[in-house]
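This is what each chain is made of:
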Amino acid sequence: MAFTRRHWLTLAPIAGIAGIAGLYGVRRVLAATVVGVPNHSIGAIVAATGGDLLEVQVDSNLADDQIAIGGGIAVTISERILRKGEGLARSRFLDDARNATKIASNVKAALTHAMPDLADDFAANHLAWAKPFATDAVAWTKQLAKLGLGQFRDDHGRIYLLEWAGATIDPDADPSPSGLARVPEQPSKPTLEAYRDYLDDLIAALS
């Protein structure tokens, strides 16, 4: 089939758009960097900050406060977090929703350092979710304060949650609320929605 001038005038803009779309598509595919996380709680923070630029994968070889970006060296993201408890309890610092935005700032900094060309994307994603979440964390804190919790043993490894709720941990005190024995170990998946549901379950177990 011979192409006339009219055909080329019609097809050229379409080809140009397709080329741009193709290049953009390649960028998005290449930018979907794999980030290893130790659990779904941290995965939720990484996913919310990275959006579709990242693919979150749980890596049990990572320490409880590390992420690994693109198969690189693990980065610690627990700066400004007061670590509490021992063993598994110590790893549950995101049971206290107030720690989420601190972790998010560290995650954003780590991602930006590793992928500076995507800094604006990470900043925009962070701004979109972290500020509303911080407002919700204040509301959750007020809700927990109304429970008037006293002293408890930390029978279920939930020191961060109990102290967020205003309780005092004392090994000689009464057992912690029995409902904590039935709450999930972590969010069902590494998404912000699942993390919120997880926090709701924790709060309900104390109510």
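Placed above this text is the structure.
Per-chain numbering applies: the sequence of each chain, read as written, is numbered from 1 onward. For this predicted model, a pLDDT threshold of at least 70 governs which residues receive local features, and a threshold of 80 or more governs which side-chain atom pairs are given and counted, while totals over whole chains, interfaces and linings are taken from all residues. Water and hydrogen atoms were dropped before computing side-chain values, which therefore reflect all heavy atoms in the structure.

Undergrad: Help me understand the packing of helix H2 (residues 40-50) against helix H4 (residues 119-145), please; the structure alone is not making it clear to me.
TA: Helix packing for two helices is described by the angle between their axes and how far apart those axes are. Where helices are involved, their axes are fitted lines through C-alpha atoms of the stretch in contact, as for all axes, and angles between N-to-C directions lie from 0 to 180°. Here a helix means four or more residues in a row that DSSP labels H or I, a strand means two or more in a row labelled E, and each is numbered from the N terminus. Interaxial distance between H2 and H4 falls to 7 Å at its minimum, and their mutual angle equals 115 degrees. Residue-level inspection shows Ile45, Ala48, Thr49 and Gly50 of H2 in contact with H4, the latter providing Phe122, Asn125, His126 and Trp129. Broken down by class, the residue content of the contact of H2 with H4 amounts to 4 nonpolar, 4 polar and no charged. Two residues form a contact once any of their heavy atoms are found within 4.5 Å. Note on residue categories: nonpolar means Ala, Val, Leu, Ile, Met, Phe, Trp, Tyr, Cys or Pro, charged means Asp, Glu, Lys or Arg, and polar means any other residue, Gly included.

Undergrad: Explain the pairing of strand E2 (residues 54-58) to me, please; I cannot follow it from the model alone.
TA: Where a strand is regular, its side chains alternate between the two sheet faces. Following DSSP output, two strands are said to pair if at least two bridges run between them. Bridging between strand E1 (residues 33-37) and E2 involves 5 bridges; their strand directions are parallel. Paired with threonine 33 across the bridge in E2 is leucine 54. Assignment of crossover handedness uses the view with strands pointing away from the viewer, where a clockwise path from the first strand over the helix to the second indicates a right-handed crossover. Each parallel crossover has a hand, and the one from E1 via H2 to E2 is right-handed.

Undergrad: What is the right way to look at the pattern of salt bridges in this model?
TA: Any two side chains of opposite charge can pair, given that their charged atoms come close. Should a side-chain nitrogen of Lys or Arg be within 4 Å of a carboxyl oxygen of Asp or Glu, the pair is scored as a salt bridge. Under the defined criterion, the tally for this structure stands at 8 salt bridges. Between aspartate 96 and arginine 98 there is a salt bridge; the shortest N-O distance is 2.9 Å. Among the charged side chains, a network of salt bridges with common partners joins Asp64, Asp65 and Arg83.

Undergrad: Explain unusual backbone geometry to me, please; I cannot follow it from the model alone.
TA: Generally, phi is negative for residues other than glycine and the peptide bonds are trans, each holding for most cases. In this structure, arginine 80 is a non-glycine residue whose phi angle is positive, near 70 degrees. When you line up the elements, arginine 80 lands in the loop between strand E4 (74-76) and helix H3 (98-114).

Undergrad: Looking at this structure, how should I read the side chain of threonine 33?
TA: With respect to the helices and strands, threonine 33 occurs in strand E1. Among residues more than four places away in sequence, those in contact with threonine 33 are Leu53, Leu54, Glu55, Ile69, Gly70 and Met115.

Undergrad: Just checking my understanding: could you explain the side chain of histidine 126 for this structure?
TA: Tracing the backbone shows histidine 126 in helix H4. Classification of histidine 126 by relative accessible area gives buried; the value is 13%. Every residue in contact with histidine 126, bar those within four places of it in the chain, is listed here: Thr49, Ala104, Ser105, Lys108 and Lys131. Partly exposed describes any residue whose relative accessible area lies between the buried limit of under 20% and the exposed limit of over 50%, with all areas from a 1.4 Å probe on protein chains only and scaled to the type maximum.

Undergrad: I'm lost on a negative patch on the surface in this one. Help?
TA: For patches, a residue must show more than 30% relative accessible area and have no salt bridge; joins then use 9 Å for like charges and 5 Å for nonpolar side chains, namely Val, Leu, Ile, Met, Phe, Trp and Tyr. Only the protein chains shown count as cover for residues, and all accessible areas are computed by the Shrake-Rupley method using a 1.4 Å probe. Charged-residue counts in this description rest on Lys and Arg as positive and Asp and Glu as negative, His and the chain ends being excluded. A charge is said to be at NZ when it belongs to Lys, at CZ for Arg, at CG for Asp and at CD for Glu. Residues Glu193, Asp197, Asp200 and Asp201 make up a contiguous surface patch of negative charge. Relative to the assigned elements, glutamate 193 resides in helix H6 (residues 192-206).

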